[in-house]
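Reading the structure
Chain by chain, the residues:
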Amino acid sequence: MSKTVQKSRLSRSRTRSAWLFLAPMLLTLAIVAAWPLGRTIWFSFTDASLDLMGEARFVGFRNYLEYVAWGDGEGQYYGLLADARWWRSVWNTILFAVVSVSFETVFGLIIALVLNQQFRGRGLVRAAVLIPWAIPTIVSAKMWAWMLHDQFGIINDMLQTIGLIAEPIAWTASPDTAMVAVLMVDIWKTTPFMALLILAGLQMVPGDIYEAAKLDGVPPWRVFRKITLPLIMPAVLVAVVFRALDALRVFDIVYVLTPNTDATRTMSVFARENLFDYDKFAYGSAASTLLFLVIALITITFIMATRMDLEGKRS
Amino acid sequence: MATVELKNVSKSYGTVEVLRDINLELEQGEFVVFVGPSGCGKSTLLRMIAGLEDITGGELRIDGQPMNDVLPAKRGIAMVFQSYALYPHMTVFENMAFGLEQARLNKAEIRERVEKAAKMLQIEAFLDRKPKQLSGGQRQRVAIGRAITCDPRVFLFDEPLSNLDAALRVDTRLEIASLGKRLPDTTMVYVTHDQVEAMTLADRIVVLNGGIVEQVGTPMELYERPASQFVAGFIGSPRMNFLNGTVAAAHGAETYGIRPEHISLSPDAGDWRGRVILTERLGSDTFVHVEVDGVGPVNVRIEGRSEVHANDEVHLTPDPASVHLFDAKGRPIPG
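Since the structure is predicted, the reported quantities are computational estimates derived from the model, not experimental observations.

The next point concerns the overall build of chain B. The secondary structure content of chain B amounts to nine helices and 19 strands. In terms of overall dimensions, chain B has C-alpha extents of about 75 × 45 × 35 Å along its principal axes. Scored against the burial criterion, the 335 residues of chain B give a buried share of 39%. Within chain B, contacts between residues separated by at least 24 positions form 63% of all contacts whose residues are at least 6 apart in sequence.

All names here are of chain A. The UniProt record annotates "transmembrane region" (unreviewed entry) at residues 94–115, 127–147, 178–202, 223–245 and 281–305. Helix makes up 86% of residues 127–147 and strand 0%, and the two end C-alpha atoms of the span are 24 Å apart. Helix and strand shares over residues 178–202 are 100% and 0% respectively, and the end C-alpha atoms of the span are 35 Å apart.

With that settled, the discussion passes to the packing of helix α3 (residues 107–120) of chain B against helix α4 (residues 136–149) of chain B. Residue and element names in this part refer to chain B. Close contact between α3 and α4 brings their axes to 9 Å; oriented N to C, the two are set at 135°. In terms of axis orientation, α3 runs oblique to α4. You can see that α3 and α4 cross each other, and the crossing is right-handed. Where α3 approaches α4, its residues Arg113, Val114, Ala117, Ala118 and Met120 are matched on the opposing element by Gly145, Ile148 and Thr149. Taken together, the residues that form the contact of α3 with α4 break down as five nonpolar, two polar and one charged.

On to the pairing of strand β16 (residues 296–303) of chain B, then. Residues and elements named next belong to chain B. Of the pairings in the sheet, the one linking strand β15 (residues 285–292) to β16 comprises eight bridges and is antiparallel in character. Bridge assignment links His289 to a residue of β16, and that residue is Asn299. Hairpin geometry of β15 and β16 is characterised by an intervening segment of three residues between the two adjacent antiparallel strands and by a positive phi of about 70° at Gly294.

In sheet architecture, strand pairing relies on hydrogen bonds along the backbone and comes in two forms, parallel and antiparallel. Residue and element names in this part refer to chain B. Within the open sheet, the six strands sit side by side as β6-β7-β8-β3-β9-β10. Their pairing is mixed. Each having just a single partner strand, β6 (77–80) and β10 (212–217) make up the two edges of the open sheet. Along the sheet, successive strands turn relative to each other by an average axial angle of 20°, direction set aside. Looking at chain direction, strand β3 (residues 31–35) and strand β9 (residues 204–209) are connected through four bridges and run parallel. Directly across from Phe34, in β9, lies its bridge partner Val206.

Our next topic: the UniProt feature "domain: ABC transmembrane type-1" (unreviewed entry) in chain A. Within this numbering scheme, the UniProt entry marks residues 90–304 of chain A as carrying the feature "domain: ABC transmembrane type-1" (unreviewed entry). Secondary structure within residues 90–304 of chain A divides into 75% helix and 0% strand; the distance between the first and last C-alpha atoms comes to 22 Å.

Moving on to the domain arrangement of chain B. All names here are of chain B. Partitioning chain B into structural domains gives domain 1 (4–233) and domain 2 (239–333). With seven residues of domain 1 in contact, the opposing surface of domain 2 contributes ten residues. A breakdown of the residues in the side of domain 1 that touches domain 2 according to their chemical character gives four nonpolar, three polar and no charged.

This brings us to the confidence of the model for chain B. Interpretation of this model should avoid reading the predicted coordinates in detail wherever pLDDT is low. Averaged over all residues, the pLDDT of chain B equals 92, while 99% of them reach at least 70. Both scores are given for the predicted complex: the pTM is 0.80, the ipTM 0.84.

We now examine the packing of helix α2 (residues 84–115) of chain A against helix α11 (residues 267–277) of chain A. Residues and elements named next belong to chain A. Viewed as axis vectors pointing N to C, α2 and α11 meet at an angle of 145°, and their least axial separation amounts to 8 Å. Contact residues: α2 offers Arg85, Trp86, Ser89, Val90 and Thr93, while α11 offers Met267, Val269 and Phe270. Class assignment for the residues of the contact of α2 with α11 results in five nonpolar, two polar and one charged.

With that settled, the discussion passes to the sheet that holds strand β11 (residues 241–243) of chain B. Residue and element names in this part refer to chain B. The four strands lie next to each other as β11-β12-β18-β19, forming an open sheet whose pairing is antiparallel. Across the chains shown, the open sheet's two edge strands, defined by having one partner strand only, are β11 and β19 (332–333). In terms of strand pairing, strand β18 (residues 324–326) meets β19 through two bridges, oriented antiparallel. Note that in β19 the partner of Phe326 across the bridge is Pro332.

What follows is about the interface of chain A and chain B. With 13 residues of chain A at the contact, the number on the chain B side is 15 residues. In terms of residues, the side of chain A that touches chain B owes the most to one element, helix α8 (residues 208–216) of chain A, which gives seven residues. Its residues placed into classes, the side of chain A that touches chain B shows eight nonpolar, one polar and four charged.

Residues and elements named next belong to chain B. The buried count for β3 comes to five of five residues, which makes it a mostly enclosed element. Burial along β3 is two-sided: the residues Phe31, Val33 and Val35 and Val32 and Phe34 are all buried. In the sheet, β3 pairs with strand β8 (residues 187–192) via five bridges, with the strands oriented parallel. Pairing of Val32 across the sheet is with Val189, part of β8.

Glancing now at the UniProt feature "domain: ABC transporter" (unreviewed entry) in chain B. With numbering aligned to this structure, UniProt lists the feature "domain: ABC transporter" (unreviewed entry) at residues 4–235 of chain B. The straight-line gap between the two end C-alpha atoms of residues 4–235 of chain B is 25 Å; of that span, 36% is helix and 26% is strand.

Ranked by internal contacts, the top residues of the largest apolar core, which has 95 residues, are Ile49, Leu156 and Val189 of chain B. The element contributing the most residues to this core is helix α2 (residues 92–102) of chain B, with six residues. Split by domain, this core shows at least three residues from each of two domains, domain 1 (4–233) and domain 2 (239–333) of chain B. Once residues lying within four places of it in the same chain are set aside, the contact partners of Leu156 of chain B are Leu46, Ile49, Ala50, Ile77, Ala78, Met79 and Val189 of chain B. Listed in part, the 48 residues of the second largest apolar core include Val236, Val250, Ala271 and Tyr283 of chain A.

Residues and elements named next belong to chain A. With respect to the secondary-structure elements, Ile253 resides in helix α10 (residues 252–257). Overall, Ile253 belongs to the buried group, with 25 C-beta atoms counted inside 10 Å. Residues contacting Ile253, with those up to four places away along its chain left out, are Thr137, Ala141, Val182, Val185 and Asp186.

Thresholds, definitions, all that
- Residues numbered from 1 in each chain as written.
- Chains lettered and ligands numbered in written order.
- Predicted model: local features only at pLDDT ≥ 70, side-chain atom pairs only at ≥ 80, totals over all residues.
- Helix = DSSP H or I, 4+ residues; strand = E, 2+ residues; numbered from the N terminus.
- Buried ≥ 20, exposed ≤ 12 C-beta atoms within 10 Å, placed from the backbone.
- Contact = placed C-beta atoms within 7 Å.
- UniProt positions renumbered as here; feature names shortened; annotations may be inferred.
- Axes fitted to C-alpha atoms, helices over the stretch in contact; angles between N-to-C directions.
- Parallel < 35°, antiparallel > 145°, perpendicular 65-115°, else oblique.
- Left-handed = near helix turned anticlockwise from the far one by under 90°.
- Nonpolar A, V, L, I, M, F, W, Y, C, P; charged D, E, K, R; others polar.
- Pairing = 2+ DSSP bridges.
- Domains from an automatic or database assignment.
- pLDDT = per-residue confidence, 0-100.
- Core = buried A, V, L, I, M, F, W, Y, C linked by C-beta atoms within 7 Å.

What follows is the structure, encoded as structure tokens:
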């Protein structure tokens, strides 16, 4: 009897110290994440504006959706959910996320497979591949903006020199190419990150099973499809979720490379515009809240659909 | 169904030569063990037979056909790895069937072969499990099963027992021995650093040291007539006593070798007198470590229990018929 009492006292003290160690992180998270998020959600239900934040009044769902009757039996829907510009930015964001993450995964996988081979100068190549990822986004976006410049950009010059295009293209200004430009820069920048995460997964695959496959006479493509791919899939899926989370809240590349274009305005850019440029703080808060919900929904759906092993139970 | 011949086979990595002029002829159905200390090249030699390492000199023939440039899968071999090398994401059945699918056998035949091998190794109950749900011994049986399904001409084992605990190692060793009996036509090549495995499993042992073959022979030939001081020291447990100085000089040798089991111990009379330093009691045997006056430390093996204790004075008598004499280069001097 006394033994169980002792044991439970020990486990109580362990629980206490566990909470003690967790407390600083929980406190920090509460201050930098929970509080701002809560404030944003609150503001989305008010009529707050930048200069009158203190006097914000609760207005219900008006920022999201409101039916205004004109008195003659007709009326109109207002609010975020009835805003075509918002839905355009939702579409832009999802398009951006799906295309960029898909390309980054494929390119990242190819690069990781190459970097996983033994060859002379591998260390140097591994470091060099990371350069795009190491450059701050603002810097690389500005750099690409110059390279993609319609009159003085080197990209147009090169394409014209080899005869692929006759006239210079206004890559970032033209609505037809703005999204392509943003995607190109993001894929260039983020593929190394993807490659690195997948490379880590590849290095977890024990080498001896490749020898077993050699003795089994398995051709290389089948080795990749039947052995390598299934074994690195958990790592790839985690990398995809990481990148998808990033891509869904993309802001800096778009804001620097193609400001003020319907063709590339993402949810984050939309929220910022309303929060600060248009002084529609409450409306921007509603957009931020929806952005949060959309990201949460997509992430949870993806994790459930791929039955991702987040707790490491199956590995 | 196969003979394996190695003719002047050597292996170098750049300028480093790890195997030199290996000449061996393995007969069909023979169980041959490559044994030697770590770094002697035994695993490399096995991997060269498997085709996982290039042969940089000499020739390998299986059933008389040159194999140097033949792909591993076309050599008619199967291999069991030390680390099992099972495909972690596949079930036991899939692991065993994977190689057969490559060989384009039909589903019914694959199932039949896998089930036959599983029955032989008593792993039928695990066919739907993944490797990580199995114990080390079960995994190694699956790895052996995977090799059996391929119906190889030559069966290669690369230290298959090293990752198992002591009790399992003995059980699995017996299984491998009985496997050798049940597949009488299959040539078995087995690599180990453990001379007990070598002695118990082998029809013939190949002792490798520093990239060359020290001796090839049956376990008893190696035990009774070691071709070098290295083999004499490597084969047999506990290790042979090697004595230098006056004892050796009296026989006109550099080194005088006598196995612990070939020395008798008496409390009052014998050729050598000494003091007991330590006794190790195993129940079935007792190892007595004696500091012999003017000779040096000598290990004696006594069957059953022994009542000698540390610091006791004892007398030792080596069996003259079991003495091995070696010259300065470690070559045996015929006695």
